[in-house]
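An overview of the molecular structure
Chain by chain, the residues run as shown.
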Amino acid sequence: MSIPENTEAEPAVASDLFGERIELAREFTNALATHGEEYGLIGPLELPRLWTRHILNCAIVAPLLREGTVGDIGSGAGLPGLVLAIARPDVHFTLIEPMERRVKWLNDQVLSLGLDNVTVLRDRAEDVRLPEGFDQLTARAVSAFSKLIPMCAPLVVPGGEFILMKGINAAKEIEAAEKQIRRFKLRDVEVIELGDGVLPETTRVIRATVS
Ligand SMILES: C[S@@+](CC[C@H](N)C(=O)[O-])C[C@H]1O[C@@H](n2cnc3c(N)ncnc32)[C@H](O)[C@@H]1O
């Protein structure tokens, strides 16, 4: 087990993002640092920088969420879904993840953190059938934007949004998805940069509205 970053010596923004639930965020970080490698959830190189590079980089997305429902596709370790569920108790999260071992991890965390705003669903996004769509949909490191659009657009209510965490090539991913953007009638497609100058790494999000 590697020692994670000291979660006490955080950028000041952490307490703004998590409020009173910052202890829960620290608890989750410690669980991930202790068991993440054994569950195949996080690479050993990432462990020492879990808090800033993974937890806070996900939490910084929280202000983009509306009150309502969020589907998090390919939650894996719980990024961003569990982190956002800690930061936003007013939002209900459905974590969608096909791998059994990861689903067990997610359910264990929901239980031990006592989160009552999370449902875990073992499924692939394209196979999910729900009576109602989500208000917003998040995903991080799951697939290119062009592939996520057909996979996920049917899961979002009209007027709902994609909030997709992306790397430095976010703008190029939008260009490459031009056909799918038109086909699925996405509008207001934009790249938003968050945490610049506040966190060690900027978080980039593709936000788009589903018609
Ligand atoms: C690279 S991991 C990223 C996990 C997490 N989002 C993160 O940022 O650490 C990709 C995750 O997407 C899941 N996944 C792959 N294909 C999927 C699909 N069609 N629907 C839902 N989840 C999928 C994988 O099982 C895996 O947990």
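Residues numbered from 1 in each chain as written. Predicted model: local features only at pLDDT ≥ 70, side-chain atom pairs only at ≥ 80, totals over all residues. Heavy atoms only, no water.

Before going further, it helps to examine the overall build of the protein chain. Counting its secondary structure elements, the protein chain contains eight helices and seven strands. Here the protein chain has a C-alpha radius of gyration of 16 Å; the compact-globule value for 211 residues is 17 Å, and the two agree. If one aligns the C-alpha atoms of the protein chain with their principal axes, the spans along those axes are about 45 × 35 × 30 Å. Split into buried and exposed, the 211 residues of the protein chain put 53% on the buried side. Within the protein chain, contacts between residues at least 6 apart in sequence are counted, and of these 69% link residues at least 24 apart. (Helix = DSSP H or I, 4+ residues; strand = E, 2+ residues; numbered from the N terminus. Rg over C-alpha atoms; globule rule 2.2 N^0.38 Å. Buried < 20%, exposed > 50% of the residue type's maximum accessible area, 1.4 Å probe, protein only. Contact = heavy atoms within 4.5 Å.)

Moving on: helix α6 (residues 145-152). Residues of α6 that are buried: Phe145, Ser146, Leu148, Ile149 and Cys152. Looking straight down α6, one finds its buried side chains confined to an arc of 165°; they lie on one side. (Arc of directions from axis to C-beta.)

If you check the shell around the ligand, you find 16 residues, and the closest are Gly74, Leu79, Glu97, Arg102 and Arg140. Residue Leu79 places a main-chain N or O atom 2.7 Å away from a nitrogen atom belonging to the ligand. In isolation the ligand offers 600 Å² of accessible surface; the protein chains occlude 77% of this area. Here the shell around the ligand is built from residues that sort into eight nonpolar, three polar and five charged. (Near = heavy atom within 4 Å. Polar contact = N/O pair within 3.5 Å; in protein donor to acceptor, adjacent residues only side chain to side chain. Areas by Shrake-Rupley, 256 points an atom, 1.4 Å probe, with all protein chains shown as cover. Nonpolar A, V, L, I, M, F, W, Y, C, P; charged D, E, K, R; others polar.)

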